[in-house]
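Remarks on the overall topology
Listed below are the residues making up each chain.
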Amino acid sequence: MADRNYFDLKIISPDRIFYEGKAWMVELTTSEGQIGIYKKHVPLTAMIEPGEIRISEEEGVKVAAIHAGFLEVLPEKITVLAEVVEWPEEIDIHRAEEAKIRAERRIATKDPNINLHRAEIALRRALTRIDVAQKK
């Protein structure tokens, strides 16, 4: 592994250290859009939106579902504080499909008592889980 291309990556969720290792790129979705980060990226912090997180490391690319959190980028280190993050094999696809159906129904009802924003986020999370689980 050529040290000049790799940075330290740590992904932490409330219940565990999800990932800790060396990566040469990480890709995910922030509130400002999709971002790909290499070593020596300009320092930044960002809010994470539901989507895939792709970790490019020496052995290949690992993909996980991430649902919310914060990202801190420093030139030699990236830290992700995730509300929920799951490897494909940890996802219950049946449960994700049921959550997708529930969210779609809430959105379709156009009921003013339904929090549309929450329903849309639930739909995005379900779709992310389904997409990542299918990449097993």
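Before reading on, note that the structure itself is shown above.
A few points on the structure. Each residue is numbered by its place in its chain's sequence as written, counting from 1. Note on the predicted model: pLDDT of at least 70 is required for a residue's local features to be given, and 80 or more for side-chain atom pairs to be given and counted; whole-chain, interface and lining totals, by contrast, use all residues. The basis for every side-chain value is the complete set of non-hydrogen atoms in the structure, without hydrogens or water.

**Some thoughts on the overall build of the chain**
Broken down by element type, the chain carries two helices and eight strands. Labels follow the DSSP assignment, with helices taken as runs of H or I lasting at least four residues and strands as runs of E lasting at least two, numbered in each case from the N terminus. Mapped in sequence order, the helices and strands of the chain form the string β-β-β-β-β-β-β-β-α-α. Dimensions of the chain, computed from C-alpha atoms along their principal axes, come out at roughly 55 × 30 × 25 Å. Only protein chains enter the area calculation, which uses a 1.4 Å probe; residues under 20% of their type maximum are buried, those over 50% are exposed, and those in between are partly exposed. Taken across its 136 residues, the chain has 38% of its residues classed as buried. Residue contacts are defined here by distance: any two heavy atoms, one from each residue, within 4.5 Å place the two residues in contact. For the chain, restricting intrachain contacts to residue pairs at least 6 apart in sequence, the fraction spanning at least 24 positions comes to 54%. For the chain, the computed accessible surface area is about 8,100 Å², with 51% contributed by carbon and sulfur atoms. Note on areas: Shrake-Rupley with a 1.4 Å probe; residue coverage comes only from the protein chains shown.

**Some details on the packing of aromatic side chains**
Classification of ring pairs rests on two measures: the distance between centres of Phe, Tyr or Trp rings, Trp counted by its six-membered ring, which must be within 6.5 Å, and the angle between planes, read as stacked under 30 degrees, edge-to-face over 60 and tilted in between. On inspection of all chains with the given rule, the structure shows two aromatic pairs. Ring geometry for Phe 18 against Trp 87: centres 4.3 Å apart, planes inclined by 20 degrees, an arrangement best described as stacked. Linking Phe 18 in strand E2 (residues 16-23) with Trp 87 in the loop between strand E8 (77-86) and helix H1 (93-109), this pair joins segments that are 69 residues apart in sequence. The class for Phe 18 is buried, based on a relative accessible area of 7%.

**With respect to helix H2 (residues 116-133)**
In this analysis, the expected span of each helix is defined as 1.5 Å times one less than the number of residues it contains. Across its 18 residues, H2 extends 26 Å between first and last C-alpha, which sits within 8% of the 26 Å expected from 1.5 Å per residue. Turning to H2, its buried residues are Ala 119, Leu 123, Ala 126, Thr 128, Ile 130, Val 132 and Ala 133. If you follow the buried residues of H2, they end up packed against strand E6 (51-57), strand E7 (60-74) and H1.

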